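# Notes for the structure review
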Amino acid sequence: MREMEQMALSYLGRNPILCMDMVEALRRGDGVVSAVRTDGVLISIPRSGAYLLAAGDTAAAEALGGLIRGARQLAVHDKDNAQFLRDELGFTALMECRAAAYVNPFPPGSRGFDLLQVKPLGPEQEEALMESFPGEFDRDELRERLAARAVYGVLHRREPEGIVGVYPEGGVGMLAVRQDLEEQAAMELLGGLVAYITGWCLDKCLAPFVHIPVEDGLLLSVYEQAGYTVCEKNMYWLG
């Protein structure tokens, strides 16, 4: 298995920002190499039931996709392959994302935001979070992340003002602030939460990476201002 991992990392290293999710899944021990070829890699994430796939062309994607069993989600690192596998495997949703990673060894500045405001959140905050951020989160996913102690937030008078977390696949995300905040306050809070979770990852020797929906220009600017490097190629989540 170690040889398969080394072969996989060699292939993924050709585009480390785009494929940081796959690299980190192996480095952290969360992912398993399901298959590796000279022109592609397939990794499974047992914890979440997701698969991650990178392939040089649709022929390689088809061969690797044929090994997928019972996937809840599939991340594909090429547009043509994503569109092909969506139809081939019967997925109904496709989300195009910008892939970005933080490659600086030092955490970003918080721009005056007091990082001590950010606290770990637990299952007891589930209802308050669902109420404060309507439509933002799937309840089951939020519940699992809270139970895993992978969600952090800022509370004001015990009410959530903003949260951020880490997904089961290792990516930074779940970033949201209350819609009733003034624009400047919202931007400061978003930047502070990104600075916090990036530093949290670095403290644990994890490479911070994020997948940003292409239509969300605001989030893209927040991560860029925090110092994240954005890949020129996009990646795609199928579900």
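Scope of this entry: the structure provided in the associated data block.

Thresholds, definitions, all that
Residues numbered from 1 in each chain as written. Predicted model: local features only at pLDDT ≥ 70, side-chain atom pairs only at ≥ 80, totals over all residues. Heavy atoms only, no water. Buried < 20%, exposed > 50% of the residue type's maximum accessible area, 1.4 Å probe, protein only. Helix = DSSP H or I, 4+ residues; strand = E, 2+ residues; numbered from the N terminus. Arc of directions from axis to C-beta. Contact = heavy atoms within 4.5 Å. Axes fitted to C-alpha atoms, helices over the stretch in contact; angles between N-to-C directions. Parallel < 35°, antiparallel > 145°, perpendicular 65-115°, else oblique. Left-handed = near helix turned anticlockwise from the far one by under 90°. Nonpolar A, V, L, I, M, F, W, Y, C, P; charged D, E, K, R; others polar. Expected span 1.5 Å × (residues − 1). Core = buried A, V, L, I, M, F, W, Y, C linked by side-chain atoms within 4.5 Å.

Those residues of helix α1 (residues 2-12) not exposed but buried are E5, A8, Y11 and L12. The arc that holds the buried residues of α1, viewed along the axis, is 125 degrees, so those residues lie on one side. Facing away from the buried surface of α1 by more than 90 degrees, the exposed residues are R2, E3 and S10. Check the buried side of α1 and you find it contacts α2 (20-28), β1 (32-37), β2 (40-45) and β3 (50-55).

Another aspect to go through is the packing of α1 against α2. Look at α1 against α2: their axes get within 10 Å of each other, and the N-to-C directions meet at 155 degrees. Taken together, the axes of α1 and α2 are roughly antiparallel relative to one another. Remark: the crossing between α1 and α2 carries left-handed chirality. Contacts from E5, A8, L9 and L12 in α1 reach M22, V23 and L26 in α2. Here the residues of the contact of α1 with α2 are counted per class, giving six nonpolar, no polar and one charged.

Once that is clear, we can look at helix α7 (residues 183-203). Its 21 residues place the ends of α7 30 Å apart at the C-alpha level, agreeing with the 30 Å of an ideal helix rising 1.5 Å per residue. Looking one or two places after α7, you find C205, whose phi comes out positive at around 60 degrees.

The nonpolar side chains of a soluble globular protein tend to be buried, and buried together. Ranked by internal contacts, the top residues of the largest apolar core, which has 29 residues, are V172, L175, L193, W200, Y223 and Y228. The element contributing the most residues to this core is α7, with nine residues. Residues within four places of Y223 in sequence aside, it is in contact with V172, G173, L175, V194, V210, I212 and Y228. Counting 28 residues, the second-largest nonpolar core is a separate cluster that includes L12, L18, L26 and V36.

All right, on to unusual backbone geometry then. Non-glycine residue R111 carries a positive phi angle of around 55 degrees. With respect to the secondary-structure elements, R111 resides in the loop between β5 (94-101) and β6 (118-120). Relative accessible area serves as the criterion here: at 64%, R111 is assigned to the exposed category. The phi dihedral of C205 falls on the positive side, at around 60 degrees, and the residue is not glycine. Locating C205 in the fold gives a position in the loop between α7 and β10 (209-213). Residue class for C205 comes out exposed when judged on its relative accessible area of 57%.

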